[in-house]
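Coordinates in review
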Amino acid sequence: MSKPKHILVIRLSAMGDVAMTVPVLRAFSIQYPEIKITVISRPFFEPFFRDISNIDFFAVDLNKRHKGFFGLLRLFKDLNKLKIDFVADLHNVLRSKIIRILFLFFGKKVAATDKGRKAKKELTRLENKVFKPVKSMFERHVDTFNKLGFSVDLIHPVFPEKAILSEAILKAIPFSKEIKIIGIAPFAQYESKVYPLDLMQKVIDDLAMKSTYSIYLFGGGKKEIELLNQLQNNHENVVVLAGKLKLNQELDIISNLDVMLSMDSGNAHIAAMLGIKVITLWGATHPYAGFKPFNQPSDYCITADREQFPLLPTSVYGNKKVEGYEDAMRTILPETVVAKIESIIT
């Protein structure tokens, strides 16, 4: 009897991109239970893969052991001990290219995700814009596995069960199964993707008027915690989670949400990988760029008004600013956001 094959999956960072690999890898693990999977990524992301039974996690140390070119050689040496048969590079940056080329040199079958840069550039350029959906990152990762000879079906996704909350979590935050739980993650890496805080305050204040709702605010870092405490606005049913829980515990909480409201950011993809309904707000970016959260209807994506701001989307990641487009997200009315949330949870 031949030994099970072993596939190495590379996805080093960032949070949202790592989370977007999870539904694909969960589907792969279910459809190919005989294939061993080793995911290499930063240590912080290990909990993302905790419910996938045939995945081993390899924590890359980019600060010390695996830092720099010679660190990458050490990384290859460490990984080569695992007897890898296939390499799926879902990151496709210089570091991961070096690793996969080394495996290729040693006779292993390798493939990398095509990020579709040309199509994304056509979508976001200011002149001669091609405004149509590009292939999603989930489809692109599936294509990568296809190149290795593995067909992956995402049509009927399977998600983990809701987590049972530990005593430590229940001591840290109020929780009840009898009310609707709404998660809100109001921040993103770039300002052009963040819903104006005065409008977000209106959304939270409106939702907090309902005693049958409990609202959890997600974020991280000192500055964000300060802003979340302002958004909490002394509402008894609004809870700031930032700084209170570890990632594993936050995942447990997210798995129990009735809905998540997020920017185009990592929290949207984390909630989606757990099978939670996700409403996303889009400013300079757009779901057409391929980053719509997994398995979410298009009407859950609320975008800025392209009639008033016809050059949208102006950026793939939100890192490009266009003069005069600073207030594009103000065309998304708080009433629209609240109505969408309530239509989902009621």
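1. Re a positive patch on the surface
The grouping of K162, K177, K180 and K277 at the surface amounts to a positive patch. Relative to the elements of secondary structure, K162 occurs in the loop between α5 (137-147) and α6 (167-172). Classification of K162 as exposed rests on a relative accessible area of 51%.

2. A word on the pairing of strand β10 (residues 278-282)
Burial of β10 is extensive: five of the five residues sit out of reach of the surface. With burial as the criterion, each face of β10 is covered, one bearing V278, T280 and W282 and the other bearing I279 and L281. Relative to β10, strand β9 (residues 259-263) is paired through four bridges, and the arrangement is parallel. The partner of L261 across the bridge, within β10, is I279. Note on the crossover from β9 through helix α10 (residues 266-273) to β10: the handedness is right-handed. Where β10 lies against strand β11 (residues 301-303), three bridges are found, and the strand directions are parallel.

3. Examining empty space enclosed by the protein
The tally for this structure, following the rule as stated, stands at one cavity of 30 Å³ or more. By volume, the largest cavity is sized at about 50 Å³. I10, L12, I40, L72, L75, L79, R95, S96 and I99 are the residues that line the largest cavity. Along the lines of polarity and charge, the residues of the lining of the largest cavity split into seven nonpolar, one polar and one charged.

What counts, and where the lines are drawn
- Residues numbered from 1 in each chain as written.
- Predicted model: local features only at pLDDT ≥ 70, side-chain atom pairs only at ≥ 80, totals over all residues.
- Heavy atoms only, no water.
- Patch = residues over 30% accessible without salt bridge, like charges linked within 9 Å, V, L, I, M, F, W, Y side chains within 5 Å.
- Areas by Shrake-Rupley, 256 points an atom, 1.4 Å probe, with all protein chains shown as cover.
- Salt bridge = Lys/Arg side-chain N within 4 Å of Asp/Glu carboxyl O.
- Lys, Arg positive; Asp, Glu negative; His and termini not counted.
- Charge placed at Lys NZ, Arg CZ, Asp CG, Glu CD.
- Helix = DSSP H or I, 4+ residues; strand = E, 2+ residues; numbered from the N terminus.
- Buried < 20%, exposed > 50% of the residue type's maximum accessible area, 1.4 Å probe, protein only.
- Pairing = 2+ DSSP bridges.
- Right-handed = clockwise from strand over helix to strand, strands pointing away.
- 1 Å grid on protein atoms, 1.4 Å probe; cavity = no way out; pocket = protein on both sides within 12 Å on 5 of 7 lines; lining within 4 Å.
- Points joined across faces, edges and corners; volume = space filled by probe spheres on them.
- Nonpolar A, V, L, I, M, F, W, Y, C, P; charged D, E, K, R; others polar.

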